[in-house]
Amino acid sequence: MSLLKRPEVLGGVTLGVLSALPVVGAFNCCCAWILLGGAVAAQQQQEQQPLPISNSEGADVGFRAGVLGALIWVVLSWPIGLLLRPVIQRYVERALESRDLPPEVQNLLASMGTGSETPWAMVFVGNLLLLMVCALVAALGGLFGAMYFRKPEPPPPPPIPINYWAPPPLPPLDPPPAAPER
């Protein structure tokens, strides 16, 4: 039995890719992409099963999709951040040259720097927190997905017909009397 199946992978990829993209990731307000990743995983799980999935199955598949999605998010964010670092640095320099900003904001922007001096322990703790939040919120998305995409229960089998007009069963026949011996 493999650790990850198609529902977890599709939900995790949805969560991770949409959250890591710079412009699209900005729309991750209220953890929308994380919830969507869990719901996609639950929907895919339901599509693979003939019977309705339970709420706990939806939350479980959403949790696993959240863990995978957080890992994808972190892996994709690093190269994207490295590519965008010069662009962000130019915007910070232009903002610092502007006279319109209050001195508090200028000091904040100057203290931020490029982010290259961020301690590794802080990066590790941030990614661990991201993993926990993604797993829990995607489990909630899986729960919502299981409730929304649930297939209807199969109908019960038809009742066995009872014929009230049939005559009662006959009693068992007695064996014929034995012939007298001669």
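Residues numbered from 1 in each chain as written. Predicted model: local features only at pLDDT ≥ 70, side-chain atom pairs only at ≥ 80, totals over all residues. Heavy atoms only, no water.

K.L.:
I'd love a proper account of the overall build of the protein, names of residues and values included.
P.N.:
Counting its secondary structure elements, the protein contains six helices and zero strands. Each helix and strand of the protein, placed in order from N terminus to C terminus, yields the pattern α-α-α-α-α-α. Over its C-alpha trace the protein gives a radius of gyration of 32 Å, far above what one expects of a compact globule, namely 16 Å for 182 residues. Seen through its principal axes, the protein has C-alpha atoms that stretch 135 × 35 × 25 Å. Across the 182 residues in the protein, those meeting the buried criterion constitute 24%. Nonlocal contacts in the protein, meaning residues at least 24 apart in sequence, comprise 79% of its contacts between residues at least 6 apart. With the model as given, the accessible surface of the protein reaches about 13200 Å², and the carbon-plus-sulfur share is 71%. (Helix = DSSP H or I, 4+ residues; strand = E, 2+ residues; numbered from the N terminus. Rg over C-alpha atoms; globule rule 2.2 N^0.38 Å. Buried < 20%, exposed > 50% of the residue type's maximum accessible area, 1.4 Å probe, protein only. Contact = heavy atoms within 4.5 Å. Areas by Shrake-Rupley, 256 points an atom, 1.4 Å probe, with all protein chains shown as cover.)

K.L.:
Run through a nonpolar patch on the surface, naming residues and quoting values.
P.N.:
A cluster of nonpolar side chains, namely Leu3, Leu4, Val9, Val13, Val17, Leu21 and Leu76, defines an oily patch on the protein surface of about 530 Å² accessible area. The element contributing the most residues to the nonpolar patch is helix H1 (residues 6-20), with three residues. Looking at the secondary structure, you find Leu4 in the segment before H1. (Patch = residues over 30% accessible without salt bridge, like charges linked within 9 Å, V, L, I, M, F, W, Y side chains within 5 Å. Salt bridge = Lys/Arg side-chain N within 4 Å of Asp/Glu carboxyl O.)

K.L.:
How would you summarise the pattern of salt bridges if you had to cite specific residues and measurements?
P.N.:
A full pass over the atoms with the stated rule returns two salt bridges. The partner of Arg64 in a salt bridge is Glu8, with the nearest N and O atoms 2.3 Å apart. Of this pair, Arg64 sits in helix H4 (residues 55-97) while Glu8 sits in helix H1, placing them 56 residues apart in sequence. On the basis of relative accessible area, Glu8 is assigned to the buried category, the value being 1%. When the shortest N-O distance is used, the salt bridge between Asp60 and Arg64 registers 2.4 Å. With Asp60 and Arg64 both in helix H4, this residue pair falls four residues apart, about one helical turn.

K.L.:
Describe in detail the packing of H1 against helix H3 (residues 32-48), supporting the description with residues and values.
P.N.:
Helix-helix packing: each pair is described by the crossing angle between the helix axes and the interaxial distance. Where H1 meets H3, the axes come as close as 8 Å, and the angle between the chain directions of the two elements is 160°. One finds that H1 runs roughly antiparallel with respect to H3. Relative to H3, the crossing made by H1 is right-handed. Seen from H1, the contacting residues are Arg6, Pro7, Leu10, Gly11, Thr14, Leu15, Leu18 and Ser19; seen from H3, they are Trp33, Ile34, Leu36, Gly37, Val40, Ala41, Gln44, Gln45 and Gln48. For the contact of H1 with H3, the per-class residue count stands at nine nonpolar, seven polar and one charged. (Axes fitted to C-alpha atoms, helices over the stretch in contact; angles between N-to-C directions. Parallel < 35°, antiparallel > 145°, perpendicular 65-115°, else oblique. Left-handed = near helix turned anticlockwise from the far one by under 90°. Nonpolar A, V, L, I, M, F, W, Y, C, P; charged D, E, K, R; others polar.)

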